[in-house]
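Each chain, written out:
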Amino acid sequence: MDEITAQQEIAFIKKIMTDSRRIIYKDGTGFIFWGIIVVIGLIGTYFSIVENHLYILNWLWPLLIFFGWVVSFVDGRRKSKKLIVKTFAGKILSVVWISCGIAMTIIGFAGNISGALKGFYISPAISVILGIGFAITGFIYGKKWISALSIGWWLGALIMFFWPGLYSLLFFAAMMFLFQVVPGIIIYNKSKKEIAGTVQ
């Protein structure tokens, strides 16, 4: 009886991994989209401070994050309607990244406005959360290299925590491009090929 249960559990896990290949490319586009938004915000923040145009910060991040959430919500609803069967893996990943997104939004806005987090410490705090998101995502996808990206996020967070400063904005922008936008492009391209049956 235990052997049958174990086989059923293994089959269930394999099904989750198989299902994840059908949804991974959607998350690839999400990584790219949000990565670009954050890079724009970080570079904009850097030059706003350098050029002493701090008033730009009053609307830059609220506008970017609001735009990102609206586009993600609309796109998510559109894709959800097209899915005949909603996979368990898809539900897990949605919960993971929505939770991470909410947490990062709270840290970015409430942490700054309340004064609980100084400006230069927001990036490393968010980097820690991104590391968690990528670690879980890589496990669900069955892709070790995606989980390994979390190491980059966490090491980067340590650097920014111990050596905060204006440069950390550009440092975090570079991290966002290398650890999120580029992997997002790779994930999207590979997954489209897998779905088309051109990659085994």
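Structure shown above.
What counts as what
- Residues numbered from 1 in each chain as written.
- Predicted model: local features only at pLDDT ≥ 70, side-chain atom pairs only at ≥ 80, totals over all residues.
- Heavy atoms only, no water.
- Phe/Tyr/Trp six-rings, centres within 6.5 Å; stacked < 30°, edge-to-face > 60°.
- Helix = DSSP H or I, 4+ residues; strand = E, 2+ residues; numbered from the N terminus.
- Buried < 20%, exposed > 50% of the residue type's maximum accessible area, 1.4 Å probe, protein only.
- Patch = residues over 30% accessible without salt bridge, like charges linked within 9 Å, V, L, I, M, F, W, Y side chains within 5 Å.
- Areas by Shrake-Rupley, 256 points an atom, 1.4 Å probe, with all protein chains shown as cover.
- Salt bridge = Lys/Arg side-chain N within 4 Å of Asp/Glu carboxyl O.
- Axes fitted to C-alpha atoms, helices over the stretch in contact; angles between N-to-C directions.
- Parallel < 35°, antiparallel > 145°, perpendicular 65-115°, else oblique.
- Contact = heavy atoms within 4.5 Å.
- Nonpolar A, V, L, I, M, F, W, Y, C, P; charged D, E, K, R; others polar.
- Expected span 1.5 Å × (residues − 1).
- Polar contact = N/O pair within 3.5 Å; in protein donor to acceptor, adjacent residues only side chain to side chain.
- Core = buried A, V, L, I, M, F, W, Y, C linked by side-chain atoms within 4.5 Å.

(A) View of the packing of aromatic side chains. Applying the stated criterion across every chain yields a total of 12 aromatic pairs. For the ring pair Trp153 and Phe179, a centre distance of 5.6 Å and an interplane angle of 65° mean the geometry is edge-to-face. Of this pair, Trp153 sits in helix α5 (residues 144–162) while Phe179 sits in helix α6 (residues 167–196), placing them 26 residues apart in sequence. Judged by its relative accessible area of 0%, Trp153 is buried. Following the ring pairs from residue to residue traces out a cluster consisting of Phe31, Trp97, Phe134, Trp153, Phe172 and Phe179.

(B) View of a nonpolar patch on the surface. There is a patch of nonpolar side chains on the surface, built from Val128, Ile132, Ile136, Ile151, Trp154, Leu155, Leu158, Ile159, Phe161, Phe162, Trp163 and Tyr167 and spanning about 1,100 Å² of accessible area. Elements with a minimum of two residues in the nonpolar patch: α4 (119–141) and α5. At seven residues, the largest contribution of residues to the nonpolar patch is made by α5. Secondary-structure assignment places Leu158 in helix α5.

(C) Quick peek at the packing of helix α3 (residues 88–114) against α4. Contact geometry for α3 and α4: axes closest at 10 Å, N-to-C directions at 175°. One element, α3, and the other, α4, form an angle in the roughly antiparallel class. Contact residues: α3 offers Ala89, Ile92, Leu93, Val96, Trp97, Cys100, Ala103, Met104, Ile107, Gly108 and Asn112, while α4 offers Gly119, Ile122, Ala125, Ile126, Ile129, Leu130, Gly133, Phe134, Ile136, Thr137, Ile140 and Tyr141. Grouping the amino acids of the contact of α3 with α4 by side-chain chemistry returns 18 nonpolar, five polar and no charged.

(D) Inspection of unusual backbone geometry at higher detail. Of note in this structure, Asn52 is not a glycine but carries a positive phi near 60°. Tracing the sequence through the fold places Asn52 in the loop between α1 (2–50) and α2 (57–82).

(E) Spotlight on α3. With 27 residues, α3 extends 38 Å from end C-alpha to end C-alpha; this agrees with the ideal 39 Å at 1.5 Å per step. All buried positions along α3 are accounted for by Ala89, Gly90, Leu93, Val96, Trp97, Cys100, Gly101, Met104, Ile107 and Gly111. Residue Gly115 follows α3 closely and has a positive phi angle near 85°.

(F) A look at the packing of α4 against α5. At a minimum axis separation of 7 Å, α4 and α5 run at an interaxial angle of 170°. By the angle class used here, α4 and α5 are roughly antiparallel.

(G) Region of interest: the side chain of Thr137. One can find Thr137 in helix α4. Of the residues examined, Thr137 reaches a relative accessible area of 0% and is grouped as buried. Here Trp97 takes part through its side chain, which lies 2.8 Å from a polar atom of the side chain of Thr137. There is a polar contact of 2.7 Å between the side chain of Thr137 and the backbone oxygen of Gly133.

(H) Region of interest: the nonpolar core. In this structure, Trp97, Ile126, Leu130, Phe134, Trp153, Phe172 and Met176 are the most contacted members of the largest nonpolar core, which totals 29 residues. Those elements giving two or more residues to this core turn out to be α1, α3, α4, α5 and α6. In terms of residues, this core owes the most to one element, α4, which gives eight residues. Once you skip the residues sitting within four places of it in the chain, Ile126 turns out to touch Met104, Ile107 and Phe172.

(I) Region of interest: the environment of Leu169. Within the secondary structure layout, Leu169 lies in helix α6. Residue Leu169 is classed as buried on the basis of its relative accessible area, which comes to 8%. For the pair formed by Leu169 and Phe120, sequence separation is 49 residues and the distance between their alpha carbons is 7.6 Å. Discounting chain neighbours no more than four positions away, the residues touching Leu169 are Leu42, Thr45, Tyr46, Ile49 and Phe120.

(J) A look at the environment of Phe177. Along the polypeptide, Phe177 turns up in helix α6. Under the relative-accessibility criterion, Phe177 is labelled partly exposed at 44%. For the pair Phe177 and Ile36, spaced 141 residues apart in sequence, the C-alpha to C-alpha distance is 7.5 Å. Those residues in contact with Phe177 that lie beyond four places of it in its chain are Val39, Val182 and Pro183.

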